[in-house]
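The residues making up each chain are set out below.
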Amino acid sequence: KVEDGELRLYVTKESRNGSEWCAASVFTKEVLVPNSYVECRFRATQCTGVNNAFWLACRTNKGEAMSDRYEVDIVEARQDRSGIGKGHLAWHDWKTMAYAVDSDGRKAHVAQGIHVDHSFDEYHGWGLWYGENEFIYYLDGKPVWNGKIHDKYPQQWQTGVGKLQNWFADEEQR
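The paragraphs below set out a description of the structure included in this document.

Quick notes on the rules
- Residues numbered from 1 in each chain as written.
- Predicted model: local features only at pLDDT ≥ 70, side-chain atom pairs only at ≥ 80, totals over all residues.
- Heavy atoms only, no water.
- Helix = DSSP H or I, 4+ residues; strand = E, 2+ residues; numbered from the N terminus.
- Contact = heavy atoms within 4.5 Å.
- Areas by Shrake-Rupley, 256 points an atom, 1.4 Å probe, with all protein chains shown as cover.
- Pairing = 2+ DSSP bridges.
- Axes fitted to C-alpha atoms, helices over the stretch in contact; angles between N-to-C directions.

## Describing the overall build of the chain
Moving on, step 1. Each helix and strand counted, the chain has two helices and 12 strands in total.
Moving on, step 2. Each helix and strand of the chain, placed in order from N terminus to C terminus, yields the pattern β-β-β-β-β-β-β-β-β-β-β-β-α-α.
Moving on, step 3. Of the contacts formed within the chain by residues at least 6 apart in sequence, a portion of 50% connects residues at least 24 apart.
Moving on, step 4. With the model as given, the accessible surface of the chain reaches about 11,500 Å², and the carbon-plus-sulfur share is 50%.

Set out below in structure tokens:
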């Protein structure tokens, strides 16, 4: 609902369509093009197990499977067990589920992300610069991650090598 000049999207605990939770969503009619910046300002719900998310997903056809798209989590804001806010910033290439496996042989996908601490008692601005060859994630107007650098998997942005031990050579080349 719109209240005091703000769009307010609520997450409520109620059963709908087989889920215990109900949340509002906003969809854009136009595709985000490179060299664009998007931002959302919100205060996260203080509840474990609930994501307050601001994310982008690529779907070309209605009803398309999760494994046929990308997902960019500008933030999935949630409370951890100690009461600290953990903003999950990430990108996922769900299409790689069709051929990628982890070191235990289970289906996996190429993804990379970090966690950023945040408070629950105030509003935060979460943003993303969607560039030609990078993402720059922002928290309250300050860059916090470029979508590429990862301590454990430093080359994953380029090839996906690191997280997935059994990377298909033709996909790495592509």
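The rest of the description comes next.
## A look at the sheet that holds strand β5 (residues 36-42)
Moving on, step 1. Taken together, four strands build an open sheet; the order of strands is β5-β10-β11-β12 and the sheet is antiparallel. On the outer flanks of this sheet lie β5 and β12 (142-145), each paired with one strand and no other. Pairwise comparison of adjacent strand axes, ignoring direction, gives a mean angle of 30° for this sheet.
Moving on, step 2. Here three bridges tie strand β11 (residues 135-139) to β12, and the two strands are oriented antiparallel to one another. Following the sheet pairing, Tyr137 is matched in β12 by Trp145.

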